[in-house]
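# Report on the structure
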Amino acid sequence: MGEQKQRMLAGELYRDNDPELVAERQRAQRLCDEFNRTGPEATGRRTELLGDLLGTLGEGSWIMPRFQCDYGYLIEIGANSFLNYDAILLDCAPITIGDDCSIGPRCQLLTALHPMEEHEKRRQRWESAAPIRIGNNAWFGGGVIVCPGVTIGDDVVVGAGSVVTRDLPDRVFAAGNPARVIRQL
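Below: a short report on this structure. If you're wondering where the values come from, they're calculated on a predicted model, not measured in any experiment. (Residues numbered from 1 in each chain as written. Predicted model: local features only at pLDDT ≥ 70, side-chain atom pairs only at ≥ 80, totals over all residues. Heavy atoms only, no water.)

## Some thoughts on the sheet that holds strand β18 (residues 163-164)
Formally: Criterion used throughout: strands pair if DSSP finds at least two bridges between them. Only DSSP runs of H or I reaching four residues or more are called helices, and only runs of E reaching two or more are called strands; each is numbered from the N terminus.
With parallel pairing, five strands are arranged side by side in an open sheet as β4-β7-β10-β15-β18. At either margin of the open sheet sits one strand with a lone partner, and together these are β4 (67-69) and β18. Relative to strand β10 (residues 108-110), strand β7 (residues 87-90) runs parallel, the two sharing three bridges. Residue pairing across strands places Ile88 opposite Gln108, the latter belonging to β10.

## Notes on the nonpolar core
General note: in soluble globular proteins, nonpolar side chains tend to be found buried as a group. Basically, it comes down to this: Each nonpolar core is a collection of buried residues, namely Ala, Val, Leu, Ile, Met, Phe, Trp, Tyr and Cys, held together in the definition by side-chain atoms within 4.5 Å. Remark: exposure states derive from per-residue accessible area (1.4 Å probe, protein chains only) relative to the maximum for the residue type, with buried under 20%, exposed over 50%, and partly exposed in between. Contacts: residue pairs with any heavy atoms within 4.5 Å of one another.
Phe67, Leu89 and Phe140 are the most contacted members of the largest nonpolar core, which has 37 residues in total. Every element with two or more residues in this core is listed here: α2 (19-37), α3 (43-53), β4, β5 (75-77), β7, β8 (95-97), β13 (132-134) and β19 (172-176). In terms of residue count, the dominant contributor to this core is α2 (four residues). Among all residues touching Phe67, those that are not within four sequence positions of it are Cys32, Phe35, Asn36, Leu53, Leu54, Ile75, Leu83, Ala87 and Leu89.

## A closer look at the pairing of β7
Here β7 shows a buried face lined by Ala87 and Leu89 and an unburied face lined by Ile88 and Leu90. Strand direction decides the pairing type here: β4 and β7, joined by three bridges, are parallel. Its bridge partner lying in β7, Gln68 is registered against Ile88.

## Notes on a nonpolar patch on the surface
Put simply, the rule reads: Within the patch definition used here, like charges are joined within 9 Å and nonpolar side chains (Val, Leu, Ile, Met, Phe, Trp, Tyr) within 5 Å, considering only residues with over 30% relative accessible area and no salt bridge. Values of accessible area rely on a 1.4 Å probe in the Shrake-Rupley scheme; residue burial ignores everything except the protein chains shown. The salt bridge definition used is simple: a Lys or Arg side-chain nitrogen within 4 Å of an Asp or Glu carboxyl oxygen.
On the surface, Met1, Leu9 and Tyr73 cluster together into a nonpolar patch covering about 300 Å² of accessible area. On the basis of relative accessibility, which here comes to 39%, the residue Leu9 falls in the partly exposed class.

## Section: the side chain of Arg46
Stated precisely, the cut-off is as follows: Charge assignment: positive for Lys and Arg, negative for Asp and Glu; neither His nor the chain ends contribute.
Tracing the sequence through the fold places Arg46 in helix α3. No salt bridge is formed by the buried Arg46. Its closest oppositely charged neighbour is Glu41, at 7.1 Å. Apart from the residues lying within four places of it in its own chain, the contact partners of Arg46 are Phe35, Thr38, Gly39, Pro40 and Pro65.

## Here's the deal with the sheet that holds strand β3 (residues 62-63)
Within the open sheet, the seven strands sit side by side as β3-β6-β9-β14-β17-β19-β20. Their pairing is mixed. A strand with exactly one partner marks an edge of an open sheet, and here the two such strands are β3 and β20 (179-184). In this sheet, strand β17 (residues 157-158) lies alongside strand β14 (residues 139-140) in parallel orientation, the contact comprising two bridges. If you follow Trp139 over to β17, its bridge partner there is Val157.

## With respect to α3
Which entries qualify depends on this criterion: What the arc measures is the spread of directions leading from the helix axis to the C-beta atoms.
Looking only at α3, the buried set comprises Arg46, Leu49, Leu50 and Leu53. The buried residues of α3 all sit within an arc of 100 degrees when viewed along its axis, so they share a single face. Those residues of α3 hidden inside the fold are in contact with α2, β2 (56-57), β3 and β4.

## Digging into the state of the cysteines
Put simply, the rule reads: The rule for a disulfide is simple: a pair of cysteine sulfur atoms within 2.5 Å.
Taken as a whole and judged by the stated rule, the model has zero disulfides. Cys69 provides the cysteine sulfur closest to Cys32, a residue in no disulfide bond, and the two sulfurs are 3.8 Å apart. Here Cys32 falls in the buried class, since its relative accessible area comes to 1%. Cys107 carries a free sulfur, and the closest cysteine sulfur to it, the one in Cys101, is 11 Å from it. Since its relative accessible area comes to 1%, Cys107 is described here as buried.

As structure tokens, then:
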């Protein structure tokens, strides 16, 4: 494993143009492209491709095309979970989705970060990443965006179009930009 990949996995600043990381993203893109071209009757092939792409795909879980990710192997999806059309998971850090989750269409789970204060490093394309964890039985409406480093508890509902910028505790309904807890569930 090269230095840049080690740095990425450690949550440190790294360069995404490293040949090892580029090759891993190209592999993921090829698998995503093939998955996205499958027809609706090709459920077995879809499952096979996702098995090759993802770190874990729990029993009874499925993803609808169009699906995009950076690496794939950093994504763990529990049992009986569902990602609807047009999901984008930027997995430069681990993304963990629990059991029995429903992720609405066009949701984005984004682990990538860029230096805010260090303008020259940003110009040179240095980046870092922070993991996302989604507990069991979460339900996201369409277009939800989850930002780097966020943990979402069990039994959480996030309203459509929300931008989740900070952790959400168990059993709440949250919505808005930035998302805030509206009520307990």
